[in-house]
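Listed below, chain by chain, are the residues.
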Amino acid sequence: MSAPLLRLEEVGMRFSGLQAVDALDFSVDAGKVVGLIGPNGAGKTTVFNMITGVYRPTAGRILWQGRDITGAPPYRVAALGIYRTFQTIRLFSGMTVLENVQAGLHLQTRQQWWQGLLGTPAQRREEVSQVAQVRALLERLELAHCADENATSLSYGLQRRVELARALIASPRLLILDEPAAGLNDQESLELNRTILSIRDGGVTVLLVEHDMNVVMNVTDHIVCINFGRKIAEGTPEQIRNDPKVIEAYLGQDDDDDDWNDESVAGAAASERRAPI
Ligand SMILES: Nc1ncnc2c1ncn2[C@@H]1O[C@H](COP(=O)(O)OP(=O)(O)OP(=O)(O)O)[C@@H](O)[C@H]1O
Ligand SMILES: [Mg+2]
């Protein structure tokens, strides 16, 4: 059997006194949508930061198609085809939607910086082809109408979509999404579900952190649930929503955290039955 696209083996991250992630094992198989869930502070973003080279794990190994990439810097991780979006939107202000998405292509730009200054024919040809590529993706993500608008002046839902486009334009092998539904209304989160499934059907593997259970339960093929940095359950959405350890972790969440109270695991299961995608 071939190695999974991504594998974490006994991965740990310690911040001075705090064990944020502890002996975490899981795999992401090619062509799947894998969800990483858990209460606030469980260590989810830290896992993403280790995979993408922002943090070097203090224990364990991260394997990409069986190759050890533990501690590889972010530019090398990106060169492998691992791209991400962030929990808080990080678009370039003062730049249009098109320019923001085009920025996601910078690793693939063939021309040298000085050719850009001189405006050589090769550089101009590349620019034209990149813009065409960006416009085609904006069309696909229903963003074409705002291509020339300032990205940070758009609605929250559209900004999240622009972030997704910026990661997708680089033709990722693995797309890592940190709470892509945060701040979205119900309609926008339904649209996000469809977008994620179409990304997967286009051959991109997806690893996502999400608190919105309507997204998690409807789009993932496999879910890993962590709490206090440790894996407490793993399985299909059906297995996860019925797992007592997962339900307990959700119920242990603070009362003022409506992410988990409004849409409990069981509640999401019921709403999924009412409104399948
Ligand atoms: N750079 C850091 N230095 C020290 N502690 C950190 C650092 N980054 C994260 N932590 C701590 O590690 C733990 C896990 O944080 P992390 O952001 O990974 O959680 P999370 O599961 O993404 O939470 P949320 O759902 O709120 O986004 C938290 O206790 C957090 O305070
Ligand atoms: Mg987080």
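Structure's up top.
Remember, predicted model here, so these are calculated numbers, not experimental data. (Residues numbered from 1 in each chain as written. Chains lettered and ligands numbered in written order. Predicted model: local features only at pLDDT ≥ 70, side-chain atom pairs only at ≥ 80, totals over all residues. Heavy atoms only, no water.)

1. Describing the nonpolar core
Inside soluble globular proteins, nonpolar side chains tend to come together where they are buried.
Part 1 of the reasoning: Residues V97, V101, L138, L175, I196 and L208 are the most contacted members of the largest nonpolar core, which totals 37 residues.
Part 2 of the reasoning: Elements that contribute at least two residues to this core include exactly α3 (97–103), α5 (121–140), α6 (156–168), β7 (174–178), α7 (186–201), β8 (205–209) and α8 (213–219).
Part 3 of the reasoning: If one sorts the elements of this core by residue count, α6 sits on top with five residues.
Part 4 of the reasoning: Taken domain by domain, the makeup of this core includes at least three residues from each of domain 1 (1–81 + 172–277) and domain 2 (95–170).
Part 5 of the reasoning: With sequence-adjacent residues up to four places away left out, V97 is seen in contact with L138, C146, A147, E149, A151, L154 and V162.
Part 6 of the reasoning: Counting residues in hydrophobic clusters, the runner-up holds 29 residues, among them W64, A72, L207 and V209. (Core = buried A, V, L, I, M, F, W, Y, C linked by side-chain atoms within 4.5 Å. Buried < 20%, exposed > 50% of the residue type's maximum accessible area, 1.4 Å probe, protein only. Helix = DSSP H or I, 4+ residues; strand = E, 2+ residues; numbered from the N terminus. Domains from an automatic or database assignment. Contact = heavy atoms within 4.5 Å.)

2. With respect to unusual backbone geometry
Part 1 of the reasoning: Even without being a glycine, A23 presents a positive backbone phi close to 45°.
Part 2 of the reasoning: Inspection of the secondary structure assignment puts A23 in strand β2 (residues 18–28).
Part 3 of the reasoning: Despite not being glycine, Q65 has its phi angle at roughly 50°, a positive value.
Part 4 of the reasoning: Following the sequence through the fold, Q65 ends up in the loop between β4 (59–64) and β5 (67–68).
Part 5 of the reasoning: What makes Q65 partly exposed here is its relative accessible area of 44%.

3. Remarks on the coordination of the magnesium ion (ligand 2)
Part 1 of the reasoning: Within the first shell, the magnesium ion (ligand 2) binds the protein through T45 (OG1) and Q87 (OE1), at distances of 2.0 to 2.3 Å. Of this pair, T45 sits in helix α1 (residues 44–51) while Q87 sits in the loop between β6 (82–84) and α3, placing them 42 residues apart in sequence.
Part 2 of the reasoning: By relative accessible area, Q87 is classed as partly exposed at 35%. (Donors = N, O, S within 2.8 Å, 3.2 Å for Na, K, Ca; no water.)

4. Concerning the site of ligand 1
Part 1 of the reasoning: In the vicinity of ligand 1 there are 15 residues, among which G41, K44, T45, T46 and Q87 approach most closely.
Part 2 of the reasoning: In this structure, N40 approaches ligand 1 through a side-chain N or O atom, which is 3.0 Å from an oxygen atom.
Part 3 of the reasoning: One of the side-chain N or O atoms of K44 is found 2.7 Å from an oxygen atom in ligand 1.
Part 4 of the reasoning: Isolated, ligand 1 exposes 640 Å² of accessible area, and the fraction of that covered by the protein chains is 65%.
Part 5 of the reasoning: Breaking the shell around ligand 1 down by element, the ones donating at least two residues are β2 and α1.
Part 6 of the reasoning: Broken down by element, the residue count for the shell around ligand 1 peaks at three residues, all from α1.
Part 7 of the reasoning: Taken together, the residues of the shell around ligand 1 sort by class into six nonpolar, seven polar and two charged. (Near = heavy atom within 4 Å. Polar contact = N/O pair within 3.5 Å; in protein donor to acceptor, adjacent residues only side chain to side chain. Areas by Shrake-Rupley, 256 points an atom, 1.4 Å probe, with all protein chains shown as cover. Nonpolar A, V, L, I, M, F, W, Y, C, P; charged D, E, K, R; others polar.)

5. Points about the sheet that holds strand β3 (residues 33–37)
Part 1 of the reasoning: With respect to topology, six strands assemble into an open sheet ordered β6-β7-β8-β3-β9-β10, the strand pairing being mixed. Each edge of the open sheet carries a strand with a single partner, namely β6 and β10 (230–235). The average angle at which neighbouring strand axes cross in this sheet is 20°, direction not considered.
Part 2 of the reasoning: Bridge count between β3 and β8: four bridges; the pairing is parallel. What sits directly across from V34, in β8, is L207. (Pairing = 2+ DSSP bridges. Axes fitted to C-alpha atoms, helices over the stretch in contact; angles between N-to-C directions.)

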